[in-house]
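As a plain string of letters, each chain reads:
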Amino acid sequence: MSEAVIPAALGDDEIIPGTDDTARPDDTLRPDDTARPDDTPRPDDTTVTGTETLPLTGERTVPGIAEENYWFRRHEVVYARLLDRCAGKTVLEAGSGEGYGADMISGVAAKVTGLDYDESAVAHVRARYPRVEMIQGNLADLPLADESVDVVVNFQVIEHLWDQSQFLRECLRVLRPGGELLISTPNRITFSPGRDTPLNPFHTRELDAAELDELLVDAGFRVELMTGVHHGETLRALDAKHGGSFIDAQIQRALAGEPWPAELTADVAAVRVEDFDLRTDDIDASLDLVAIAVKPGK
């Protein structure tokens, strides 16, 4: 799931090296907020669903648009680094959006079920990613039996939900004992710095690491790992090149409503998964939080 081009601030010694979204009272999600890798930039602002399209609304990132590539890779990296946690497992992606992540997981998992509230997203995933069993449903009331999955994946979604605690209790319910919840969310400290309310109008509540940990524990989970996404060496160099913040340089151009400079577009289009680090140190300076939480009992 993802934020498109929206304001965020940078933060940046264990290193794991490189290898929204309108919030609605019923905890529903936007049509999607993820994107499938596509090395061929498209000139339009849609992602293709067979003969249909899902629009680029500003609430999500979509594939094949050079100016969106930074946000897409920043979300893709979490799938890539945690993919082995899904190997041979029965997996639910709660809030699967465009479906590229669920499709990635299908390459290693025994079975993947994608869940999204939006019917157009459900139809899109069914058409584009046939390996994924796609169902429509509400994250506040997961349409799955108790103890029916080994892993729940929830990336860049919880910040859009009105009742975050209820969602986490539902994740605990559908997981088998010893099962894992893999979850990511923007770090409130760097994403909406100095604010009591989110900068992103599609977020209901953003979290810092301590707040995410507390929510998970209160829902009944044991937090095995809390780590964060940081810029790696290449992206830190781009921060310096673009006036101190590569993110802010993108935001300023997007808000200006003018064509992007060719050099900035090229730098954004060249961002790779390998340009991000996942680190457990300096968690409050991370861009996004990533947690692995375990259901006790096994």
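Worth saying up front: this structure is predicted, and the values here are computed from it rather than measured.

Draft legend 1. Main features of the overall build of the protein chain. If you tally the helices and strands in the protein chain, you get 9 helices and 11 strands. For the protein chain, the residues scored as buried account for 57% of the 298 residues in total. Accessible surface, the protein chain as shown: approximately 11,600 Å² in total, 50% of it carbon and sulfur.

Draft legend 2. Structural view of the pattern of salt bridges. Counted by the stated rule, this structure contains 18 salt bridges. Between Glu 98 and Arg 128 there is a salt bridge, with its nearest N and O atoms 3.3 Å apart. Here Glu 98, found in the loop between strand S4 (90-94) and helix H2 (100-106), pairs with Arg 128, found in helix H3 (residues 119-128); they are 30 residues apart in sequence, far enough to count as distant. We classify Arg 128 as partly exposed; its relative accessible area is 23%. Across the pair Glu 258 and Arg 253 runs a salt bridge, and its minimum N-O distance is 3.3 Å. The class for Arg 253 is partly exposed, based on a relative accessible area of 24%.

Draft legend 3. Inspection of the packing of helix H8 (residues 246-256) against helix H9 (residues 262-269) at higher detail. Packing of H8 against H9 brings their axes to within 11 Å, and their N-to-C directions diverge by 125°. Considering their axes alone, H8 and H9 lie oblique with respect to each other. In the crossing of H8 with H9, the sense of the turn from one axis to the other is left-handed. From H8, Phe 246, Ala 249, Gln 250 and Arg 253 reach across to H9, where they touch Leu 264, Asp 267 and Val 268. For the contact of H8 with H9, the class distribution of residues is 4 nonpolar, 1 polar and 2 charged.

Draft legend 4. View of the side chain of Asn 69. Inspection of the secondary structure puts Asn 69 in helix H1 (residues 69-82). Judged by relative accessible area, Asn 69 falls into the buried class, the value being 9%. In this structure the side chain of Asn 69 is engaged in a polar contact, spanning 2.9 Å, whose partner is the backbone oxygen of Val 268. From its side chain, Asn 69 meets the backbone oxygen of Ala 269 in a polar contact 3.1 Å long. In this view, Asn 69 contacts Val 268, Ala 269, Ala 270 and Val 271; residues no more than four positions away in its chain are not counted.

Draft legend 5. Layout of the packing of aromatic side chains. What the rule picks out here adds up to 6 aromatic pairs. Judged by centre distance (5.2 Å) and plane angle (90°), the rings of Tyr 70 and Trp 71 are edge-to-face. The class of Trp 71 is buried, set by a relative accessible area of 0%. Relative to Tyr 100, the ring of Phe 72 has its centre 5.1 Å away and its plane inclined at 65°; by these criteria the two rings are edge-to-face. Here the residue Phe 72 occupies a position in helix H1, and Tyr 100 occupies one in helix H2, the gap between them amounting to 28 residues. Three or more aromatic residues link up through ring pairs in this structure, and these residues are Tyr 70, Trp 71, Phe 246 and Phe 276.

Draft legend 6. Here's a closer look at the environment of Gly 179. Checked against the element boundaries, Gly 179 lands in strand S8 (residues 175-186). Along the backbone, Gly 179 and Ala 293 are 114 residues apart, and their C-alpha atoms lie at a distance of 8.4 Å. Residues in contact with Gly 179, not counting those within four places in the same chain, are Asp 150, Ala 293, Val 294 and Lys 295.

Draft legend 7. Spatial organisation of the side chain of Ser 106. For Ser 106, the position within the fold is in helix H2. What makes Ser 106 buried here is its relative accessible area of 15%. What Ser 106 contacts, discounting residues up to four positions off in sequence, is Val 112, Arg 131 and Val 132.

Draft legend 8. Here's a closer look at the nonpolar core. Counting residues in hydrophobic clusters, the biggest one holds 42 residues, and the most contacted among them are Tyr 70, Val 91, Ile 105, Val 153, Leu 182 and Phe 246. In contact with Tyr 70, other than residues within four places in its own chain, are His 231, Leu 235, Phe 246, Ile 247, Gln 250, Val 268, Val 271, Phe 276 and Leu 287.

Draft legend 9. Spotlight on the confidence of the model for the protein chain. On average, residues of the protein chain carry a pLDDT of 83, and 79% of them reach 70 or more. Across residues 1-51, confidence stays below pLDDT 50; counting only partners more than four residues off in sequence or on other chains, it has 227 contacts.

Draft legend 10. Quick peek at H3. Residues Ala 121, Val 122, His 124 and Val 125 constitute the buried set of H3. Projected down its long axis, H3 shows its buried positions confined to an angular sector of 160°, all on one face.

Draft legend 11. Summary view of the environment of Trp 71. With respect to the secondary-structure elements, Trp 71 resides in helix H1. C-alpha of Trp 71 to C-alpha of Val 271: the two residues are 200 residues apart in sequence and 9.3 Å apart in space.

Draft legend 12. Molecular detail of the pairing of strand S6 (residues 133-136). Pairing geometry for strand S5 (residues 111-116) and S6, over 4 bridges, is parallel. Following the sheet pairing, Leu 115 is matched in S6 by Ile 135. In terms of handedness, the path from S5 via H3 over to S6 forms a crossover that is right-handed.

Rules behind the numbers
- Residues numbered from 1 in each chain as written.
- Predicted model: local features only at pLDDT ≥ 70, side-chain atom pairs only at ≥ 80, totals over all residues.
- Heavy atoms only, no water.
- Helix = DSSP H or I, 4+ residues; strand = E, 2+ residues; numbered from the N terminus.
- Buried < 20%, exposed > 50% of the residue type's maximum accessible area, 1.4 Å probe, protein only.
- Areas by Shrake-Rupley, 256 points an atom, 1.4 Å probe, with all protein chains shown as cover.
- Salt bridge = Lys/Arg side-chain N within 4 Å of Asp/Glu carboxyl O.
- Axes fitted to C-alpha atoms, helices over the stretch in contact; angles between N-to-C directions.
- Parallel < 35°, antiparallel > 145°, perpendicular 65-115°, else oblique.
- Left-handed = near helix turned anticlockwise from the far one by under 90°.
- Contact = heavy atoms within 4.5 Å.
- Nonpolar A, V, L, I, M, F, W, Y, C, P; charged D, E, K, R; others polar.
- Polar contact = N/O pair within 3.5 Å; in protein donor to acceptor, adjacent residues only side chain to side chain.
- Phe/Tyr/Trp six-rings, centres within 6.5 Å; stacked < 30°, edge-to-face > 60°.
- Core = buried A, V, L, I, M, F, W, Y, C linked by side-chain atoms within 4.5 Å.
- pLDDT = per-residue confidence, 0-100.
- Arc of directions from axis to C-beta.
- Pairing = 2+ DSSP bridges.
- Right-handed = clockwise from strand over helix to strand, strands pointing away.

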